[in-house]
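So the chains spell out like this:
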Amino acid sequence: MKSKSFERIDKRKFDEIRPMKAKVGVVPNADGSALFQFGETVAIAAVYGPKKMHPQHLQNPEKGTLRCNYSMMSFSVAERIRPGPTRRSTEISKIIQWALEPVLLIEKYSNTVIDVHINILQANASTRCAAINAAAMALAHAGIPMKDIVSSVSIGKLDKQLVVDVNKYEEDWEDGEGATDIPMSFTGSGEITHIQLDGKISIEELKEAIELGRKAVKKIYGVQKKALKEVINCENGNEQTN
Amino acid sequence: MNKRKAVIPGEVIKEDENSLPGEWTEKKGNKIIALRYGLAEEVGRLIKVIPLSGPYQPRKGNIVIGQVELITFNGWIIDIRTFENAFLPLSEIPRYINKESMEDILDIGDTVIAKVRNVGKRGVELSLKSRGLGRVEEGIIFKINSNKVPRVIGKEGSMINLIKKNTECDIIVGQNGFIWVKGDSIEKELLAKKAIMFVAEKSHITGLTEEIIKWFEKEENEK
C-alpha cells in the first residue's frame, strides 16, 4: 500500500467497498435465490435442486454435483452482449463452482445435481465476486447443508496502489505498472476457497492484497448474514418477540 | 416455547463446553456451529437447527405420497420428490401378486401412499403393509413445502384433526409434502386444500390453532 493520499475515481478510500445490497428470495419459483449488488454490479442467483442428474452418465454415485451457470444479460453493459454461452462465461461458471464446492456438505446427495443459475443484470467489473456472493446466499437459502458461507471480493493493484473492489475504470488502469486484478473468496472463518490473478504482482504485495481482502470480506459477510436472517426474522416476527 | 433464533451456515450458535450438537450442527472445540440455514433451538443441553427450506429427508416410519416411475422385475421405483430413489419391493405388498401383471397393482404414473420401511445406503425402501396405504383411487393431491408438514399436522395431529372435522374430509399428509384429500364433494376438498395452504403459509404464527378456527368461521360466513 503506497500513498494514503491516492484518490479513486469515485472518491472511495482504498479499502472501501462500493455500497452493497443483498436480498434473499428474489425468485419465488426457485428453491433458493438471492440478489447481490456492488455499486452498479448486480447479480442474481437461483438454486434448483438437489434433483436427479440427467443424463445418467453424468451422475456421481459418491456425492452430489454442483453445477453453476453464469451468464451476463445482453443489456448488462453498454455494448450489447450476444446471449448464450461464451468462452468467458463458461470459465467463470467453473470458477464459481470451484469457489463454492468446498463448503457444501453434499456427500449424501449421490446421483443428484444442484443447479445454480447466476445472471448479471448490470456489470461494472467484479461480476464474478458479486456472482459468488449471490450464489452462496442462494445455496444457503435453498437449505443445502453447508459448512460455511463464501464471500468474495476483488483486490486491484493500480500502478503500485492496492485497492478493494475494483470498478470498470480501475480495471482498465494503464498508468505505470498498469492494473492487476485479484478476485478472491473466503469462507466466514477466513479460509480461501478461490483466488485468481490477472496481471503482475510481487509476492509481498500479494500477501498484502490477501490480508486486505480478508479484512474487506468481513463486511461482505456481514451484509450476507443480515440479508439471510432478515427473511427468517420477518417471517417469524411473532416467534422472535415471544 | 423455547427461544429460537435465525442462523446461517457456519455461524457459531453457542460457545459452551457442555452443549451437545443436535441435528444440522457440529461441535468444533467448544463451539456449536450451524450447518444449515434455519432456526436454532436449544432443548436442555442439545442444540439443533430446524431447517425452513431444502429437500425432504426420508426417515423410517414416515408416510409418503409418490408416483410410480418404473416397474422392475421385483418391485416398483417410486418418485417421492427427494434426492434418492424410493423402492417398493414386491414382498412389501400385503397380498399375492402375479409377477406377470405387476402393472395391475401399480402402473407407471399411479399415485401411491406408502410408508418408509428403511433408509439405508442403497436408498429408501417403502412398504404398503399397513392400514390406509396403497394406490390412490380418488380425491385430490397437492404439494406444500415439506418443511411445513409438522405445522400442518400440529401437536399430536391437533391441526389436521381440526381441519378434518371442519371440512368433513379424509386427509393424509405425506411427510414429503404431498397431501391427499378426499371428501363427499369437490367444494369440501377445495376448502380443505385452502385451509392447509393457509396453515402452510402462516406456519410461523403462534396460536395458529385459534387462527384457523377463526378462518373457518369466516369462510362459513362468506358462504
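Residues numbered from 1 in each chain as written. Chains lettered and ligands numbered in written order. Predicted model: local features only at pLDDT ≥ 70, side-chain atom pairs only at ≥ 80, totals over all residues.

## Focus: the overall build of chain B
(1) Moving on: Across its full length, chain B carries five helices and 16 strands.
(2) Moving on: Seen through its C-alpha atoms, chain B measures out along the principal axes to roughly 60 × 55 × 20 Å.
(3) Moving on: Contacts in chain B between residues far apart in sequence, at least 24 positions, make up 56% of those at least 6 positions apart. (Helix = DSSP H or I, 4+ residues; strand = E, 2+ residues; numbered from the N terminus. Contact = placed C-beta atoms within 7 Å.)

## Topic: the overall build of chain A
(1) Moving on: When helices and strands are tallied, chain A shows five helices and nine strands.
(2) Moving on: Along chain A, helices (α) and strands (β) appear in the sequence β-β-β-β-α-β-α-β-β-α-β-β-α-α when read from the amino end.
(3) Moving on: Compactness check: chain A gives a C-alpha radius of gyration of 18 Å against a globular reference of 18 Å for 242 residues, within 12% of the reference.
(4) Moving on: Across its three principal directions, the C-alpha atoms of chain A cover 50 × 50 × 35 Å.
(5) Moving on: The buried share of chain A, taken over its 242 residues, is 48%.
(6) Moving on: Of the contacts formed within chain A by residues at least 6 apart in sequence, a portion of 69% connects residues at least 24 apart. (Rg over C-alpha atoms; globule rule 2.2 N^0.38 Å. Buried ≥ 20, exposed ≤ 12 C-beta atoms within 10 Å, placed from the backbone.)

## Points about the packing of helix 3 (residues 158-167) of chain B against helix 5 (residues 208-222) of chain B
Residue and element names in this part refer to chain B.
(1) Moving on: Taken N-terminus to C-terminus, the directions of helix 3 and helix 5 make an angle of 10°; their axes are 11 Å apart at the nearest point. Between helix 3 and helix 5, the angle is such that the two are roughly parallel. Contacts from S158, M159, L162 and N166 of helix 3 reach helix 5 at T209, I212 and F216.
(2) Moving on: A per-class count over the contact of helix 3 with helix 5 returns four nonpolar, three polar and no charged. (Axes fitted to C-alpha atoms, helices over the stretch in contact; angles between N-to-C directions. Parallel < 35°, antiparallel > 145°, perpendicular 65-115°, else oblique. Nonpolar A, V, L, I, M, F, W, Y, C, P; charged D, E, K, R; others polar.)

## Thoughts on the interface of chain A and chain B
(1) Moving on: If you look at the interface, chain A gives 29 residues, while chain B gives 20 residues.
(2) Moving on: At six residues, helix 4 (residues 203-235) of chain A tops the list of elements feeding residues into the side of chain A that touches chain B.

## Overview of the packing of helix 2 (residues 127-141) of chain A against helix 4 of chain A
All names here are of chain A.
(1) Moving on: Two elements in contact, helix 2 and helix 4, have axes separated by 11 Å at closest approach and are oriented at 35°. The two elements helix 2 and helix 4 meet at a crossing, and its hand is right-handed. Where helix 2 approaches helix 4, its residues N133, A136, M137, A140 and H141 are matched on the opposing element by I220, Q224, A227 and L228.
(2) Moving on: For the contact of helix 2 with helix 4, the per-class residue count stands at six nonpolar, three polar and no charged. (Left-handed = near helix turned anticlockwise from the far one by under 90°.)

## Let's talk about the environment of A:Q37
(1) Moving on: As for its placement among the helices and strands, A:Q37 is situated in strand 2 (residues 32-38).
(2) Moving on: Along the sequence, A:Q37 and A:L121 sit 84 residues apart, while their C-alpha atoms lie 9.8 Å from each other.

## Considering the domain arrangement of chain B
(1) Moving on: The domain boundaries assigned to chain B delineate domain 1 (4-51), domain 2 (63-135) and domain 3 (140-222).
(2) Moving on: Centre-to-centre, using C-alpha coordinates, domain 1 of chain B lies 31 Å away from domain 3 of chain B. (Domains from an automatic or database assignment.)

## A closer look at helix 4 of chain A
(1) Moving on: With 33 residues, helix 4 of chain A should reach 48 Å at 1.5 Å per residue; the first-to-last C-alpha distance of 48 Å fits that figure.
(2) Moving on: Every buried residue belonging to helix 4 of chain A is among A:A209, A:L212, A:G213, A:A216, A:V217, A:I220, A:Y221, A:Q224, A:K225, A:A227, A:L228 and A:I232, and all of these are buried. (Expected span 1.5 Å × (residues − 1).)

## Let's talk about the nonpolar core
(1) Moving on: Counting residues in each nonpolar core, the largest one holds 87 residues, and the members touching the most others are A:A45, A:A134 and A:A135.
(2) Moving on: A total of 11 residues in this core trace back to one element, the largest contributor, which is helix 2 of chain A.
(3) Moving on: Counting 38 residues, the second-largest nonpolar core is a separate cluster that includes B:V68, B:I80, B:C169 and B:A195. (Core = buried A, V, L, I, M, F, W, Y, C linked by C-beta atoms within 7 Å.)

## Considerations on the sheet that holds strand 4 (residues 65-72) of chain A
Residues and elements named next belong to chain A.
(1) Moving on: An order of 1-2-3-5-4 is seen for the five strands of this open sheet, with the pairing classed as mixed. Taken across any chain shown, the strands that pair with only one partner, and hence form the sheet edges, are strand 1 (20-24) and strand 4. Across the sheet, the mean angle separating the axes of adjacent strands is 15° when strand polarity is ignored.
(2) Moving on: Summarising the sheet, strand 4 and strand 5 (residues 112-122) pair through eight bridges and their orientation is parallel. Across the sheet, N69 pairs through a bridge with H117, a residue of strand 5.
(3) Moving on: Most of the contacts of helix 1 (residues 87-100) go to strand 4, to which it runs at about 140°, and overall it touches strand 4 and strand 5. (Pairing = 2+ DSSP bridges.)

## Brief notes about the confidence of the model for chain B
(1) Moving on: Per-residue pLDDT for chain B averages 90, and the proportion of residues at 70 or more is 99%.
(2) Moving on: Of the two predicted TM-score estimates for the complex, the pTM is 0.90 and the ipTM is 0.87. (pLDDT = per-residue confidence, 0-100.)

## Looking at the pairing of strand 12 (residues 123-127) of chain B
All names here are of chain B.
(1) Moving on: By the bridge criterion, two bridges tie strand 10 (residues 86-89) to strand 12 in an arrangement that is parallel. Looking across to strand 12, one finds that A86 is bridged to V124.
(2) Moving on: Here five bridges tie strand 11 (residues 111-120) to strand 12, and the two strands are oriented antiparallel to one another. Opposite N118, over in strand 12, you have E125 as the bridge partner.
(3) Moving on: Hairpin geometry of strand 11 and strand 12 is characterised by an intervening segment of two residues between the two adjacent antiparallel strands.

## Some points on the sheet that holds strand 14 (residues 140-143) of chain B
Residues and elements named next belong to chain B.
(1) Moving on: Spatial strand order, 14-16-15: three strands in an open sheet with antiparallel pairing. In this open sheet, the two edge strands, each paired with only one partner strand, are strand 14 and strand 15 (170-173). Put simply, the sheet's adjacent strands are angled 20° from each other on average, direction ignored.
(2) Moving on: Of the pairings in the sheet, the one linking strand 14 to strand 16 (residues 178-182) comprises four bridges and is antiparallel in character. Each bridged residue has a counterpart across the sheet, and for K143 the counterpart in strand 16 is F178.

## With respect to unusual backbone geometry
Residues and elements named next belong to chain A.
(1) Moving on: Cis rather than trans, the peptide bond between G49 and P50 has omega equal to 5°.
(2) Moving on: For P50, the location among the structural elements is in strand 3 (residues 41-52).
(3) Moving on: The peptide bond linking H54 to P55 adopts the cis configuration, its omega dihedral lying at 0°.
(4) Moving on: Inspection of the secondary structure puts P55 in the loop between strand 3 and strand 4.
(5) Moving on: Here A125, not a glycine, exhibits a phi torsion of approximately 65°, which is positive.
(6) Moving on: On the secondary structure map, A125 appears in the loop between strand 5 and helix 2.

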